[in-house]
There are 2 protein chains.
Amino acid sequence: MSKVYVIKIGGNVIDNPVATQKFLSDFASIKESKILVHGGGKIATQVAEKLGVTTQMIDGRRITDEPMLDVVTMVYGGLVNKKVVAQLQALKCNAIGLMGADAGVILAKKRPVGVIDYGFAGDIEQVNATQLLAFINQDLTPIVAPLTVDAQGQILNTNADTMASAIATALAKAGAEVNLVYCFEKKGVLLNPEDNDSVIADINKEKYAQLKADGIVSKGMIPKLDNAFAALNEGVKEVHIIHADNVHAQSGTKLTL
Amino acid sequence: MSKVYVIKIGGNVIDNPVATQKFLSDFASIKESKILVHGGGKIATQVAEKLGVTTQMIDGRRITDEPMLDVVTMVYGGLVNKKVVAQLQALKCNAIGLMGADAGVILAKKRPVGVIDYGFAGDIEQVNATQLLAFINQDLTPIVAPLTVDAQGQILNTNADTMASAIATALAKAGAEVNLVYCFEKKGVLLNPEDNDSVIADINKEKYAQLKADGIVSKGMIPKLDNAFAALNEGVKEVHIIHADNVHAQSGTKLTL
């Protein structure tokens, strides 16, 4: 089976039209099969504010009550997803926008209420790799919004990093050679968060444990890296964490087991 | 080639959750291949109002300036489309949400500025019937939002009635036996707009000309009927205008050449 890139682009890049255009142009020029998972949190927060919907975050995760669910459905599924698809089509990339419900690609379950009630947050139960690979084999490029659905048709807000990792894992299990790439506004995992050039080139499991113990890897980065190592554990071939400007060079942080 | 239903559901139905659920349940149970085109104007107007974006309509058509384009992209492409897809998936209908840019299904051109400047309004140039039929042949049910894209990746607001007619025509030209159905909140074309039971069962071209001349067919209905007759002229087999509750019975107005 051929190579598939699963690329995640963060909300801080998507919020910037110039950075987005540069990224999408690079993305479109990737010759191999590819899937894009996008965020959009920053735009969701802006639209929520204009609508008078309060944004509540706990440890970097959004609390999704009913009004916020409508906001993220509009922003992730509509505004961001459709603009990205439209831009990619103009770049001759045959993009198709999807959220979990579309063609039944991702089924989730509402997160049980624990110490924190995340509201309409979805934990992924199943990725339909067969359907995603069918799209890819038709030369379509799936552009996935971070929204899922449960079996009763309830839309759920889902973390885009987790979504990218789950998609990558499912494709790997289906036999694809998968390269998972997290693109964001920094050059990689940084030794010193204040110094954008202090990129750690390679991190394996032991080094990751050490970096966490030393407090070098910070709050926001931990779920991203946990997702990345989970994907490697389950058969994803390579994981890179890079600046959105560097899709081709992939010069950021490379993760290995 | 097998039968394909192209069904359009209006914004006044989509705005009502109970009516929508009933309609989608009936839609999901249609055994033949089908495509749904939806509106969402009423919800767009509500969201626009909350965002402080002014809605401007001329002869029932929305003027789409830049802020309004974001609103309709969010509402049609996100909120409405994704909720419909999610509900249909729960009803075991393998729905896939699309706007014109997705998989390049519909290409449009920004409407030239004439007496009226409609802003980012799209006139359909090309429907990719091959791609739509490919989805149908994979047992996917396209759910189409009334948004298109031009060759430069500019998203454009497009009338849902026109979209349904253009899709039906393109599928007919590709050899499918197409049944175009306009579902809305009335029982059909009415002889007396005040009397919901005064449905005109059959209208052919001559009768249509007479109804227009007599002023019985009113403003909002004229573009719908013009679209319908255009579709029949170009090979669509049947056109029905019915109440959204009546998808199975199709007991409203039947149009013939």
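Residues numbered from 1 in each chain as written. Chains lettered and ligands numbered in written order. Predicted model: local features only at pLDDT ≥ 70, side-chain atom pairs only at ≥ 80, totals over all residues. Heavy atoms only, no water.

1. Quick look at the UniProt feature "site: Transition state stabilizer" (unreviewed entry) in chain A
Residue and element names in this part refer to chain A.
Piece 1. Mapped onto this numbering, the UniProt entry annotates "site: Transition state stabilizer" (unreviewed entry) at Lys8 and Lys224. Sequence-wise these annotated residues cover 217 residues; spatially they are packed, their C-alpha atoms never more than 10.8 Å apart.
Piece 2. If you trace the backbone, Lys8 turns up in strand E1 (residues 3-9).
Piece 3. Residue class for Lys8 comes out buried when judged on its relative accessible area of 7%.
Piece 4. Non-local contacts of Lys8, meaning those with residues more than four positions away in its chain, are made with Val37, Ala160, Asp161, Ala164, Val181, Tyr182, Cys183 and Lys224.
Piece 5. In terms of polar contacts, Lys8 uses its side chain to reach the side chain of Asp161, at 2.9 Å.
Piece 6. If you trace the backbone, Lys224 turns up in helix H8 (residues 221-233).
Piece 7. On the basis of relative accessibility, which here comes to 8%, the residue Lys224 falls in the buried class.
Piece 8. Those residues within four positions of Lys224 in sequence are excluded, and the remaining contacts are Lys8, Asp161, Tyr182, Phe184 and Ile241. (UniProt positions renumbered as here; feature names shortened; annotations may be inferred. Helix = DSSP H or I, 4+ residues; strand = E, 2+ residues; numbered from the N terminus. Buried < 20%, exposed > 50% of the residue type's maximum accessible area, 1.4 Å probe, protein only. Contact = heavy atoms within 4.5 Å. Polar contact = N/O pair within 3.5 Å; in protein donor to acceptor, adjacent residues only side chain to side chain.)

2. Section: the pattern of salt bridges
Piece 1. Taken as a whole and assessed by the stated rule, the structure comprises 22 salt bridges over all chains.
Piece 2. A salt bridge links Asp15 of chain A to Lys42 of chain A; the shortest N-O distance between them is 3.5 Å. Of this pair, Asp15 of chain A sits in the loop between helix H1 (11-14) and helix H2 (17-28) while Lys42 of chain A is found in helix H3 (residues 41-51), placing the two residues 27 residues apart along the sequence.
Piece 3. Since its relative accessible area comes to 40%, Lys42 of chain A is described here as partly exposed.
Piece 4. Asp161 of chain B is the partner of Lys224 of chain B in a salt bridge, and the nearest nitrogen-oxygen pair spans 3.2 Å. Separated by 63 residues along the polypeptide, Lys224 of chain B in helix H8 (residues 221-233) and Asp161 of chain B in helix H6 (residues 160-173) bring together distant segments of the chain.
Piece 5. Judged by its relative accessible area of 9%, Asp161 of chain B falls in the buried class.
Piece 6. Among the ionic contacts, a cluster of salt bridges with common partners joins Lys8, Asp161 and Lys224 of chain A. (Salt bridge = Lys/Arg side-chain N within 4 Å of Asp/Glu carboxyl O.)

3. Regarding the sheet that holds strand E5 (residues 95-98) of chain A
Residues and elements named next belong to chain A.
Piece 1. Ordered by their spatial adjacency, 8 strands build an open sheet running E5-E8-E2-E1-E11-E13-E14-E12, and the pairing between neighbours is mixed. Looking along the sheet, the strands with just one partner apiece sit at the ends: E5 and strand E12 (202-203).
Piece 2. In this sheet, strand E14 (residues 253-255) lies alongside strand E13 (residues 238-243) in antiparallel orientation, the contact comprising 3 bridges. Among the inter-strand pairings, His240 is bridged to a residue of E14, identified as Lys254.
Piece 3. Most of the contacts of helix H6 (residues 160-173) go to strand E11 (residues 177-184), to which it runs at about 170 degrees, and overall it touches E1, strand E2 (33-38), strand E8 (141-144) and E11.
Piece 4. Packing against the sheet, H8 makes contact with E1, E11, E12, E13 and E14, and its axis sits at approximately 170 degrees to E11. (Pairing = 2+ DSSP bridges. Axes fitted to C-alpha atoms, helices over the stretch in contact; angles between N-to-C directions.)

4. Here we look at the relation of the copies chain B and chain A
Superposition of the two copies of the chain requires a rotation about an axis together with a shift along that axis.
Piece 1. Superposing chain B onto chain A takes a rotation of 180 degrees combined with a translation of 0.0 Å along the rotation axis, leaving an RMSD of 0.0 Å. Accordingly, the operation relating the two chain copies is best matched by a two-fold axis. The position closest to the rotation axis in chain B is occupied by the C-alpha of Gly78 of chain B, lying 1.8 Å away.
Piece 2. Most of the interface of chain B is mirrored in chain A: 100% of its interface residues are interface residues there too. (Least-squares fit on C-alpha atoms with pLDDT ≥ 70 in both.)

5. Side note on the packing of helix H7 (residues 205-213) of chain B against H8 of chain B
Residue and element names in this part refer to chain B.
Piece 1. It is the contact of H7 with H8, at a shortest axis distance of 12 Å, that shows an interaxial angle of 165 degrees. In terms of orientation, H7 lies roughly antiparallel with respect to H8. Considering the relative orientation of H7 and H8, their crossing is left-handed. On H8, the residues touching Lys205, Tyr208 and Lys212 of H7 are Ile222, Leu225, Asp226, Phe229 and Asn233.
Piece 2. For the contact of H7 with H8, a count of residues per class yields 4 nonpolar, 1 polar and 3 charged. (Parallel < 35°, antiparallel > 145°, perpendicular 65-115°, else oblique. Left-handed = near helix turned anticlockwise from the far one by under 90°. Nonpolar A, V, L, I, M, F, W, Y, C, P; charged D, E, K, R; others polar.)

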